[in-house]
Amino acid sequence: MPKQSIEHPNVWVFDHPVIQDKLTRIRQKDTQHTDFRRLLNEIAGLMCFQLSREFQTTEVEIETPLQRTEGKRLADPVTLVPVLRAGIGMTDGILQMIPEARVGHIGVYRNEETKEPVPYYSKVPTDIAGGPVLLIDPMLATGGSASYAANILINELGCKIVQMVCLVAAPEGAQRLREDHPTLTIFTASIDSCLNEKGYIVPGLGDAGDRIFGTL
Ligand code: PRP
Ligand code: URA
């Protein structure tokens, strides 16, 4: 199970050895996009398996080839919301665990100069508030992009259960989300040291979108 951060109680960190091994390989600068994508999706699937343990289930009656019996099914539709572009890099790994999940998209990029989020797209299921939502973005840096996306989900659409899945979080982003969205829980493989003067996470892994899609 992930461990709750003492300094950032809104953040749960996966210190699982297999996840940490994959994260270390992802961080290495000579890891090319083919391996980067695969490892990122593998981590996302492993994280999702754990963080979904609080999802509600409902009892159903079914018939096996031998007899009638009771089983459990997920009670509510699950929606994944990757933040474009880099969130796409974790989505397939989660869909392998929950293939029936719907996928909404929020498009926002960070202005290089101001670090402010610039929105350009949004399309999510109209009944998204009826089930748990996973907000997906590998990088939580200043928190501007995630806070913008969480605002749509929580304040505009009324989603009650929103969990953020990210790979690496900066303390600055964790703090910002705690202030902006106190009900949002963040799951990550690491809380890194800080942001540099350009707003990049240190030690981080560079530009996640470019590394996922090979656009360096
Ligand atoms: C990256 C990342 C986050 C954002 C994090 O996206 O995927 O969305 O930066 O930074 P923040 O916490 O300071 O807002 P980017 O803006 O590079 O867009 P891209 O995914 O399209 O490359
Ligand atoms: N976005 C990234 O892709 N990487 C960072 O370190 C910060 C924001």
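Everything below is about the structure printed above this text.
Residues numbered from 1 in each chain as written. Chains lettered and ligands numbered in written order. Predicted model: local features only at pLDDT ≥ 70, side-chain atom pairs only at ≥ 80, totals over all residues. Heavy atoms only, no water.

1. Brief notes about the pattern of salt bridges
At step 1: Taken as a whole and assessed by the stated rule, the structure comprises 11 salt bridges.
At step 2: In this structure, Glu42 and Lys22 form a salt bridge, with 2.7 Å as the shortest nitrogen-oxygen distance. Separated by 20 residues along the polypeptide, Glu42 in helix 2 (residues 33-51) and Lys22 in helix 1 (residues 17-27) bring together distant segments of the chain.
At step 3: Overall, Glu42 belongs to the partly exposed group, its relative accessible area being 28%.
At step 4: When its relative accessible area of 12% is taken as the criterion, Lys22 is described as buried.
At step 5: Residue Arg85 pairs with Asp210 through a salt bridge whose shortest N-O separation is 2.9 Å. (Salt bridge = Lys/Arg side-chain N within 4 Å of Asp/Glu carboxyl O. Helix = DSSP H or I, 4+ residues; strand = E, 2+ residues; numbered from the N terminus. Buried < 20%, exposed > 50% of the residue type's maximum accessible area, 1.4 Å probe, protein only.)

2. Digging into the packing of aromatic side chains
At step 1: Per the counting criterion, the structure on display carries two aromatic pairs.
At step 2: With 6.1 Å between their ring centres and 45° between their planes, Phe14 and Phe187 make a pair best called tilted. A residue pair is termed long-range when its members are at least 10 positions apart, and Phe14 in the loop between strand 2 (11-13) and helix 1 and Phe187 in strand 13 (residues 185-188) qualify at 173 residues.
At step 3: On the basis of relative accessibility, which here comes to 7%, the residue Phe187 falls in the buried class.
At step 4: Considering the side-chain rings of Tyr109 and Tyr120, the 6.1 Å spacing of their centres and the 40° angle between planes classify their relative orientation as tilted. Placement of the pair is Tyr109 in strand 7 (residues 105-110) and Tyr120 in strand 8 (residues 117-123), with a sequence separation of 11 residues.
At step 5: Accessibility expressed as a relative area gives 47% for Tyr109, which makes it partly exposed. (Phe/Tyr/Trp six-rings, centres within 6.5 Å; stacked < 30°, edge-to-face > 60°.)

3. Looking at the site of ligand 2
At step 1: As a matter of local geometry, ligand 2 sits amid Arg110, Met139, Ala141, Gly199, Tyr200, Ile201, Gly206, Asp207 and Ala208.
At step 2: Contacts to ligand 2 include Gly206, whose backbone N or O atom sits 2.8 Å from a nitrogen atom.
At step 3: Isolated, ligand 2 exposes 240 Å² of accessible area, and the fraction of that covered by the protein chains is 87%.
At step 4: A class-by-class count of the residues in the shell around ligand 2 yields five nonpolar, two polar and two charged. (Near = heavy atom within 4 Å. Polar contact = N/O pair within 3.5 Å; in protein donor to acceptor, adjacent residues only side chain to side chain. Areas by Shrake-Rupley, 256 points an atom, 1.4 Å probe, with all protein chains shown as cover. Nonpolar A, V, L, I, M, F, W, Y, C, P; charged D, E, K, R; others polar.)

4. As for the site of ligand 1
At step 1: Every one of the 14 residues lining ligand 1 counts as a neighbour, but Arg110, Asp137, Thr142, Gly143 and Ser145 are closest to it.
At step 2: One nitrogen or oxygen atom from the side chain of Thr142 is found 2.6 Å from an oxygen atom belonging to ligand 1.
At step 3: Note that an oxygen atom of ligand 1 is positioned 2.6 Å from one of the side-chain N or O atoms of Ser145.
At step 4: Look at ligand 1: alone it shows 500 Å² of surface, and the protein chains cover 90% of it.

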